[in-house]
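# Observations on the three-dimensional arrangement
Letter by letter, the chains look like this.
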Amino acid sequence: MTSGFDDIPFFDEEPLPRNPGPRNPAPGQQASPAAGQTKEGDAKAPPPGLGAGLGIAARAMAARDQHRAPDYLAGLNPEQREAVESLDGPVLVLAGAGTGKTRVLTTRIAHILATNRAFPSQILAVTFTNKAAREMKERVGHLVGGAVEGMPWLGTFHSIGVKLLRRHAELVGLTSDFTILDTDDVVRLIKQLIQAEGLDDKRWPAKQFAAMIDGWKNKGLDPAQIPEGDARAFANGRGRELYTAYQNRLKSLNACDFGDLLLHPIRMFRANPDVLKDYHQRFRYILVDEYQDTNTAQYMWLRLLAQRAAGPVNVCCVGDDDQSIYGWRGAEVDNILRFEKDFPGAKVIKLERNYRSTEHILGAAGFLIAHNEGRLGKTLFTDRVDPNDEKVVVHAAWDSEEEARAVGEEIEQLQRKQHKLNDMAILVRASFQMREFEDRFVTLGLNYRVIGGPRFYERLEIRDAMAYFRMVCQPADDLAFERIVNTPKRGLGDTTVRTLHDYARARDIPMLAAASEIIETDELKPKARKALFDVVTDFRRWQDLLETTPHTELAEQILDDSGYTAMWQNDKSAEAPGRLENLKELIRSMEAFESMRSFLEHVSLVMDAETNENLDAVSIMTLHSAKGLEFETVFLPGWEEGLFPHQRALDEGGRAALEEERRLAYVGITRAKRRCHLWFVSNRRIHGLWQSTMPSRFLDELPPAHVEVAEAETSYGGYGRGGYGQSRFDKQEPFANSYSTPGWKRAQANKTDATRDNWGSRSGHAVERIGYGESGPRGQTIEGQLVAKSTSNEPSKFTVGDRVFHIKFGNGNVAVVEGNKLTIDFDRAGQKRVLDGFVERA
DNA sequence: CCGGTTTGAGTTTTT
DNA sequence: CTCAAACCGG
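The shown structure was predicted, so the numbers you read here are calculated from the model rather than taken from an experiment. Throughout this document, residue positions are counted from 1 along each chain, in the order its sequence is written. As a convention, the first chain written is A and the first ligand written is 1, with the rest following in written order. At least 70 in pLDDT is required for a residue's local features to be given in this predicted model, at least 80 for side-chain atom pairs to be given and counted, and no such filter applies to totals for whole chains, interfaces and linings, which use all residues. By convention in this description, side-chain values take in all heavy atoms of the structure and omit both hydrogens and water.

The criterion for a residue being near a molecule or strand is simple. One of its heavy atoms has to lie within 4 Å of it. What surrounds DNA strand B is a group of 29 residues, the closest being Ser431, Arg455, Lys489, Gly493 and Thr622. Arg329 has a polar side-chain atom sitting 3.4 Å from a sugar or linking oxygen of DNA strand B. Residue Thr622 places a side-chain N or O atom 2.4 Å away from a phosphate oxygen belonging to DNA strand B. A helix here means a DSSP run of H or I that spans at least four residues, while a strand means a run of E at least two residues long, and both kinds are numbered starting from the N terminus. Only helix H28 (623–626) and helix H29 (647–652) provide two or more residues apiece to the surface near DNA strand B. Nonpolar residues are Ala, Val, Leu, Ile, Met, Phe, Trp, Tyr, Cys and Pro. Charged residues are Asp, Glu, Lys and Arg, and all others, Gly as well, are polar. Tallied by class, residues from the surface near DNA strand B come to eight nonpolar, 14 polar and seven charged. Any pair of nitrogen or oxygen atoms within 3.5 Å is treated as a polar contact; in protein, a donor-acceptor pairing is required on top of that, and neighbouring residues in sequence qualify only through side-chain atoms on both sides.

Have a look at this one:
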């Protein structure tokens with residue numbers, strides 16, 4: 001097999017390839033099939049079958065030669081193959097859900113490398129998330145055999161932005177060791193600014209302004225460019241000044257926020273055409289994933305890099321306009337809709353052959369999304385039609401509790417048929433919906449994992465620890481200093497910090513430097529002075545150790561010496577052990593890095609929690625975080641007007657917002673490979689009060705041919721004209737009546753057995769949280785398994801009054817004991833009934 | 001400086 | 001309703 005990989009100098013960064021660009025025809029030329037053939041003929045010793053994919057004849061030749069085509073092209077369908085092989089000129093790949101989008105991207109990279117078109121270092125490949133970048137690296141690596149280290153420009157928009165900035169920081173007024181501030185830092189900084197302006201920080205919440213800045217930066221706007229109306233809308237009309245002040249403060253801190261990671265490179269390129277030209281020469285091929293999610297700033301960034309003066313624009317954007325669900329945070333669907341205008345002569349390739357779902361699921365999703373007007377229009381299809389395939393099922397429930405109960409029941413039934421929990425997911429519109437399912441699954445002893453929410457590095461203890469490390473590496477990081485100067489408590493309260501802050505600002509020096517000066521004076525009370533002296537001494541010592549001590553060792557030492565570890569060791573709260581565990585994890589993860597500095601860099605951009613693959617558990621997440629994932633069985637609860645589509649989308653966003661909600665519904669349905677169950681309830685508690693609800697309009701937009709209504713639970717009303725609502729609830733059925741439906745009876749009959757089975761034969765119940773970190777009902781971070789400590793046959797080892805600890809609800813007192821079922825008064829969560837295997841003595 | 005109490009807000013989330 | 005942040009009193 002002559003794949004051609006052997007002779008590619010993967011690690012060679014700077015020079016041009018040996019056989020660079022003459023094969024690049026002018027844009028537009030490749031639109032003609034004949035050009036494709038000519039190119040084929042011209043190719044310098046191309047691997048057989050490559051460079052084809054345009055004309056019919058060329059394709060036929062490719063087919064003829066297929067047995068000699070490189071491995072990595074085998075198994076691609078014609079459209080995928082065309083997307084992989086159309087290397088010259090702009091290409092837009094409209095890849096529907098489950099049509100092999102990632103495969104196309106990765107294979108395309110492999111193809112570029114295999115045909116010696118470019119060095120790995122000459123390919124710019126951009127994704128949105130680290131996860132996507134990682135996956136791409138992995139898969140390219142798999143295709144080309146571990147040479148991905150040679151692809152330095154594969155990453156997220158932001159990580160590539162950082163890389164550019166570190167190289168050219170001085171061009172935008174930074175030094176290359178600038179800090180990256182996360183949302184939390186930004187909000188605290190803005191709050192300081194608002195206060196410094198003498199504004200009421202309650203009337204003008206820092207969070208809100210941070211969101212405004214974020215919005216402006218998403219649109220690529222400098223303070224001078226923001227709309228007058230926007231500027232007036234905040235801080236008594238001083239929005240623009242505040243934005244300016246913010247940017248100045250960032251500069252003096254030598255810091256960037258996330259938006260700057262995109263905007264600074266744009267500014268830099270515009271002000272320095274020679275630098276831009278360098279990158280034009282470097283990036284011979286550009287690939288963009290999830291193009292429908294790009295915002296204006298990212299678009300500008302891309303345009304700058306793609307507009308090469310000489311040679312074709314070899315840019316390939318992959319996306320799906322039907323899966324654009326981030327309009328509310330600045331994504332411009334328009335970017336993908338007008339790709340052909342932006343890149344004249346662009347080739348548009350649609351991938352519509354779906355490899356994921358049944359015909360019913362595709363039929364339902366396709367019919368639904370066809371109700372949107374602003375789309376390019378794709379229809380997914382599959383050949384794999386099986387008469388046994390289940391239709392999409394619509395279920396009705398009385399309220400959200402019944403909904404959760406019934407979904408739990410369905411899951412247990414599937415489980416009894418040997419279905420893996422890992423193959424099932426519950427996808428909700430809003431995170432408050434998760435709770436009901438969690439509660440239910442805890443009671444059932446069903447393993448689940450919650451995905452989403454604050455990341456590992458956003459957890460309190462991680463951020464604190466990171467602030468210490470930041471201070472050691474970057475003594476000028478005032479935000480870090482303020483965060484930990486009194487954590488743990490050292491008697492350095494607001495008054496002291498304020499004094500110090502003022503002292504530092506007056507002299508325009510960092511706070512740590514100010515601290516070492518101020519302790520020489522008598523401006524502070526002796527007590528504070530001594531405490532501050534200790535802090536300064538500590539940091540001096542750690543800074544000295546930075547060069548000599550291994551960084552993990554130093555990190556440990558910092559946390560111990562500062563008293564931070566001790567602080568959590570002395571903390572009696574339920575989450576303290578978890579936090580200590582997280583700190584250990586933090587240190588562990590540092591081992592993979594060369595230095596504390598490089599670790600800090602990664603943590604601010606790249607770090608996130610990993611799922612425990614070994615645990616079999618149902619996934620619970622929002623529809624937004626489900627994008628890109630797939631499951632055998634998907635449950636979609638809460639399809640009610642006001643929740644889905646969400647009321648706010650209906651109120652504020654007009655048709656565009658409604659269409660985005662519909663795309664969200666489309667994303668939800670297309671996550672399912674084999675089974676897709678939609679639910680709506682007629683009563684839901686919102687902000688504490690019960691409201692009766694109408695079924696979602698999206699349900700009425702589904703095609704009857706691919707959908708059935710679950711008779712078991714409803715027994716009232718069917719699917720069809722007039723919706724679902726009246727049928728069931730206009731009859732004024734009493735609450736109890738729904739409990740006599742066949743579905744409920746079955747549930748009752750199964751429940752006891754199921755519970756017993758669970759306890760007798762399974763190892764127990766485990767809960768995993770990916771992301772969520774802080775305390776409260778959203779829970780502490782819990783991973784791994786709790787082993788059930790009793791079965792139903794034995795009397796409970798707990799008695800009334802025992803003090804117990806529950807993995808989700810925290811500490812509480814046993815109020816009632818019935819066999820192995822306990823009623824517990826939890827300190828924070830209130831009274832709950834739980835199986836005793838879930839609790840341990842506190 | 002700490003802890004209990006009041007108050008207000010309550011889609012979606014990545015970097 | 002339920003949470004987190006702000007507030008106030010010891």
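More follows now that the structure is in view.
Right, let's get into helix H8 (residues 206–218). Here a helix's expected span is defined as the number of its residues, less one, multiplied by 1.5 Å. Its 13 residues give H8 an end-to-end C-alpha distance of 18 Å, which sits within 8% of 18 Å, the value for a rise of 1.5 Å per residue. Looking at H8, one finds that the buried residues are Ala206, Phe209, Ala210, Met212, Ile213, Trp216, Lys217 and Asn218. Of the residues one or two after H8, Gly220 is the one with positive phi, at around 75°. In this scheme, a residue with accessible area under 20% of its type's maximum is buried, one over 50% is exposed, and one in between is partly exposed, where area comes from a 1.4 Å probe on protein chains only.

It is worth spelling out the packing of aromatic side chains at this point. Planes of paired rings set the category: under 30 degrees apart is stacked, over 60 is edge-to-face and the rest tilted, where pairs are Phe, Tyr or Trp rings (Trp by its six-membered ring) whose centres lie within 6.5 Å. Evaluated as defined, the whole model comprises 24 aromatic pairs. Taken together, a centroid distance of 5.1 Å and an interplanar angle of 90° make the contact between Phe539 and Trp542 edge-to-face. Note that Phe539 and Trp542 are positioned in helix H23 (residues 526–545) at a spacing of three residues, about one turn of the helix. Residues Phe539 and Trp542 agree in their burial class; the two are buried. A connected cluster of aromatic rings, assembled from ring pairs, spans Trp204, Phe209, Trp216, Phe234 and Tyr243. In this arrangement the basic side chain of Lys163 is found over the ring face of Trp153, its NZ or CZ atom lying 4.9 Å from the centre. Comment: the charge-over-ring label is applied if NZ (Lys) or CZ (Arg) is within 6 Å of the ring centre and within 35 degrees of the ring normal. Across the ring face of Tyr326, the terminal group of Arg329 is positioned such that the distance to the ring centre comes to 3.6 Å.

One open sheet accounts for six strands, arranged E3-E2-E6-E7-E1-E8; its pairing is parallel. In this open sheet, the two edge strands, each paired with only one partner strand, are strand E3 (154–156) and strand E8 (347–351). Averaged over all pairs of adjacent strands, the angle between their axes in this sheet comes to 15°, without regard to strand direction. Alignment of strand E1 (residues 91–95) against strand E7 (residues 315–319), held across four bridges, turns out to be parallel. Looking at E7, one finds that Leu92 is bridged to Cys317. Whether two residues are in contact is decided by their heavy atoms: any pair within 4.5 Å suffices. Note on geometry: axes are C-alpha line fits, over the in-contact stretch for helices, and angles between N-to-C directions span 0 to 180 degrees. Each of strand E2 (123–127) and E3 touches helix H5 (residues 130–144); the most contacted strand, E3, lies at about 165° to it. Against the sheet, helix H13 (residues 296–306) touches E2, strand E6 (285–288) and E7, its axis set at about 160° to E6. Two strands form a pair only when DSSP identifies at least two bridges running between them.

Turning our eyes to something else, we now look at the nonpolar core. Soluble globular proteins tend to bury their nonpolar side chains together. Formed by 50 residues in total, the largest nonpolar core has its most connected members in Phe469, Phe481, Leu532, Phe539 and Met596. Each nonpolar core is a collection of buried residues, namely Ala, Val, Leu, Ile, Met, Phe, Trp, Tyr and Cys, held together in the definition by side-chain atoms within 4.5 Å. Membership of the second largest hydrophobic core comes to 46 residues, among which are Ala169, Leu261, Leu263 and Leu305.

Turning to the packing of H8 against helix H10 (residues 239–252), a few remarks are in order. At their nearest, the axes of H8 and H10 sit 11 Å apart, and the two run at 85° to each other. Considered as vectors, H8 and H10 are oriented roughly perpendicular to each other. Counting all contacts with H8, which are made through Phe209, Ile213, Trp216 and Lys217, the residues of H10 involved are Gly239, Leu242, Tyr243, Tyr246, Gln247 and Leu250. Roughly parallel means an angle under 35 degrees; roughly antiparallel means over 145; roughly perpendicular covers 65 to 115; every other angle is labelled oblique.

Of all five residues in strand E11 (residues 448–452), five are buried, a share of seventy percent or more. Here E11 runs beside strand E12 (residues 618–622); their pairing, made up of four bridges, is parallel. The residue bridging Val450 from the neighbouring strand is Ile620, located in E12.

Attention shifts here to the pattern of salt bridges. Salt bridges are counted wherever a side-chain nitrogen of Lys or Arg sits within 4 Å of a carboxyl oxygen of Asp or Glu. Considering all chains together, one arrives at 53 salt bridges under this definition. Between Glu85 and Arg81 there is a salt bridge, and its shortest N-O distance comes to 3.4 Å. Here Glu85 pairs with Arg81, and both are found in helix H3 (residues 78–85), just four residues apart, close to one helical turn. As far as burial versus exposure is concerned, Glu85 and Arg81 are alike and both buried. For Lys101, the salt bridge is made with Glu290, and the minimal N-O distance between the two is 3.0 Å.

UniProt positions are given in the numbering used here, feature names are shortened, and annotations may be inferred rather than shown by experiment. The sites that UniProt annotates as "binding site: ATP" (unreviewed entry) are Ala95, Gly96, Ala97, Gly98, Thr99, Gly100, Lys101 and Thr102. Relative to the helices and strands, Gly98 resides in the loop between E1 and helix H4 (101–114). Residue classification places Gly98 among the buried positions, given a relative accessible area of 18%. Those residues in contact with Gly98 that sit more than four places away from it in its chain are Arg353, Asn354, Tyr355 and Arg356. For Thr99, the location among the structural elements is in the loop between E1 and H4. Residue Thr99 is classed as buried on the basis of its relative accessible area, which comes to 1%. Setting aside residues up to four positions removed in sequence, Thr99 forms contacts with Gln80, Leu351, Glu352, Arg353, Asn354, Tyr355 and Leu380.

This brings us to the pairing of strand E10 (residues 424–428). The buried fraction of E10 is high, at five of five residues. Of the two faces of E10, the one carrying Met424, Ile426 and Val428 and the one carrying Ala425 and Leu427 are both buried. Relative to E12, E10 runs parallel, the two sharing four bridges. Bridge assignment links Ile426 to a residue of E12, and that residue is Ile620.

So, on to the packing of helix H22 (residues 511–518) against H23. Packing of H22 against H23 leaves a shortest axis separation of 9 Å and a crossing angle of 125°. By the angle between their axes, H22 is oblique relative to H23. Note on packing geometry: the crossing formed by H22 with H23 is left-handed. Across the interface between the two elements, Leu512, Ala515, Ser516 and Ile518 of H22 pack against Leu532, Val536, Phe539, Arg540 and Gln543 of H23. Residue composition of the contact of H22 with H23, by class: six nonpolar, two polar and one charged. For any pair of crossing helices, the crossing counts as left-handed if the nearer helix is rotated counterclockwise from the farther one by less than a right angle, and right-handed if it is rotated clockwise.

This next bit is on the state of the cysteines. Disulfide assignment relies on a single distance test, namely cysteine sulfur atoms paired within 2.5 Å. Taken as a whole and assessed by the stated rule, the structure comprises zero disulfides. In this structure Cys317 is a free cysteine whose sulfur lies 6.9 Å from that of Cys316, the closest cysteine sulfur available. With a relative accessible area of 0%, Cys317 lands in the buried category.

The next subject is the side chain of Arg249. By the element assignment, Arg249 lies in helix H10. Here Asp and Glu are counted as negative and Lys and Arg as positive; His is not counted, and neither are the chain ends. No salt bridge forms around the buried Arg249; measuring N to O, its nearest opposite-charge neighbour Asp478 is 4.0 Å away. Excluding residues within four positions of it along the chain, Arg249 makes contact with Leu189, Leu193, Asp478 and Arg505.

It is worth spelling out the environment of Leu189 at this point. Within the secondary structure layout, Leu189 lies in helix H7 (residues 183–196). Non-local contacts of Leu189, meaning those with residues more than four positions away in its chain, are made with Leu181, Tyr246, Arg249, Leu250, Leu253 and Leu479.

Averaged over all residues, the pLDDT of chain A is 79; the fraction at 70 or higher stands at 76%. Confidence, expressed as mean pLDDT per element, reaches its minimum in chain A at strand E19 (residues 786–787) with 26 and its maximum at strand E13 (residues 631–636) with 97. For every residue, the predictor states its confidence as a pLDDT score lying anywhere from 0 to 100. Note on residues 1–54: pLDDT is under 50 here. Beyond four places in sequence and across chains, it has 117 contacts. Note that residues 713–763 has pLDDT below 50 and, in this model, 87 contacts with residues that lie over four places away or in other chains.

A few words on unusual backbone geometry. Backbone geometry follows two general trends: most residues other than glycine have a negative phi, and most peptide bonds adopt the trans configuration. In this structure, Pro488 follows Thr487 across a cis peptide bond, with omega equal to 0°. Checked against the element boundaries, Pro488 lands in the loop between helix H20 (478–484) and helix H21 (494–507). Cis geometry marks the peptide bond from Phe644 to Pro645, where omega comes out at 5°. Secondary-structure assignment places Pro645 in the loop between E13 and H29. Positioned with a positive phi, Asn116 is a non-glycine residue whose angle comes to about 60°. Note that Asn116 resides in the loop between H4 and E2. With a relative accessible area of 22%, Asn116 lands in the partly exposed category. Notably, His687 is not glycine yet its phi reads approximately 50°, a positive angle. Along the chain, His687 falls in the loop between strand E14 (672–686) and strand E15 (689–692).

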